[in-house]
Amino acid sequence: MPIKSTLKQFAICVKNDNYPASLETRKIYEIIPDEKANQHQMMRIIDESGEDYLYANSYFIVLELPTENRELLTLFS
């Protein structure tokens, strides 16, 4: 059985067209893994409502962070 990573992934919002109440540009958001969404160039993000929704990949840049930094961000998410 494969071991799933418990470290959360994060992305920074670079565009919020049509979603100004849900997304803030230059803000870091948590990504919820979703393979089906990835197949459609989408990602599942916990937005300003506190719920997870699908957004186009083009709205975000995925952050590649060292483990220690991911752990710190997890404390604040």
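Above this note sits the structure.
The notes below deal with the structure included here. For clarity, every value in this text was computed on a predicted model and none was experimentally measured. (Residues numbered from 1 in each chain as written. Predicted model: local features only at pLDDT ≥ 70, side-chain atom pairs only at ≥ 80, totals over all residues. Heavy atoms only, no water.)

## Section: the overall build of the chain
Link 1 in the chain: Check the secondary structure of the chain and you find 2 helices and 5 strands.
Link 2 in the chain: In the chain, the order of α-helices and β-strands from amino to carboxyl end is β-β-α-β-β-β-α.
Link 3 in the chain: Taken against the 2.2 N^0.38 rule, which gives 11 Å for 77 residues, the C-alpha radius of gyration of the chain at 13 Å falls within 12% of a compact globule.
Link 4 in the chain: For the chain, the spread of C-alpha atoms along the principal axes amounts to about 40 × 25 × 20 Å.
Link 5 in the chain: When burial is assessed residue by residue, the chain has 21% of its 77 residues classed as buried.
Link 6 in the chain: Pairs at least 24 residues apart make up 41% of the contacts formed inside the chain by residues separated by at least 6 positions.
Link 7 in the chain: Of the roughly 5700 Å² of accessible surface on the chain, 54% is carried by carbon and sulfur atoms.
Link 8 in the chain: Averaged over its 8 positive side-chain charges, the chain has a centre that lies 3 Å from the centre of its 12 negative ones. (Helix = DSSP H or I, 4+ residues; strand = E, 2+ residues; numbered from the N terminus. Rg over C-alpha atoms; globule rule 2.2 N^0.38 Å. Buried < 20%, exposed > 50% of the residue type's maximum accessible area, 1.4 Å probe, protein only. Contact = heavy atoms within 4.5 Å. Areas by Shrake-Rupley, 256 points an atom, 1.4 Å probe, with all protein chains shown as cover. Lys, Arg positive; Asp, Glu negative; His and termini not counted. Charge placed at Lys NZ, Arg CZ, Asp CG, Glu CD.)

## Comments concerning the environment of Pro 20
Link 1 in the chain: One can find Pro 20 in the loop between β1 (9-13) and β2 (28-32).
Link 2 in the chain: Under the relative-accessibility criterion, Pro 20 is labelled exposed at 62%.
Link 3 in the chain: For the pair Pro 20 and Lys 36, spaced 16 residues apart in sequence, the C-alpha separation works out to 25 Å.

These figures capture arrangement, not role.
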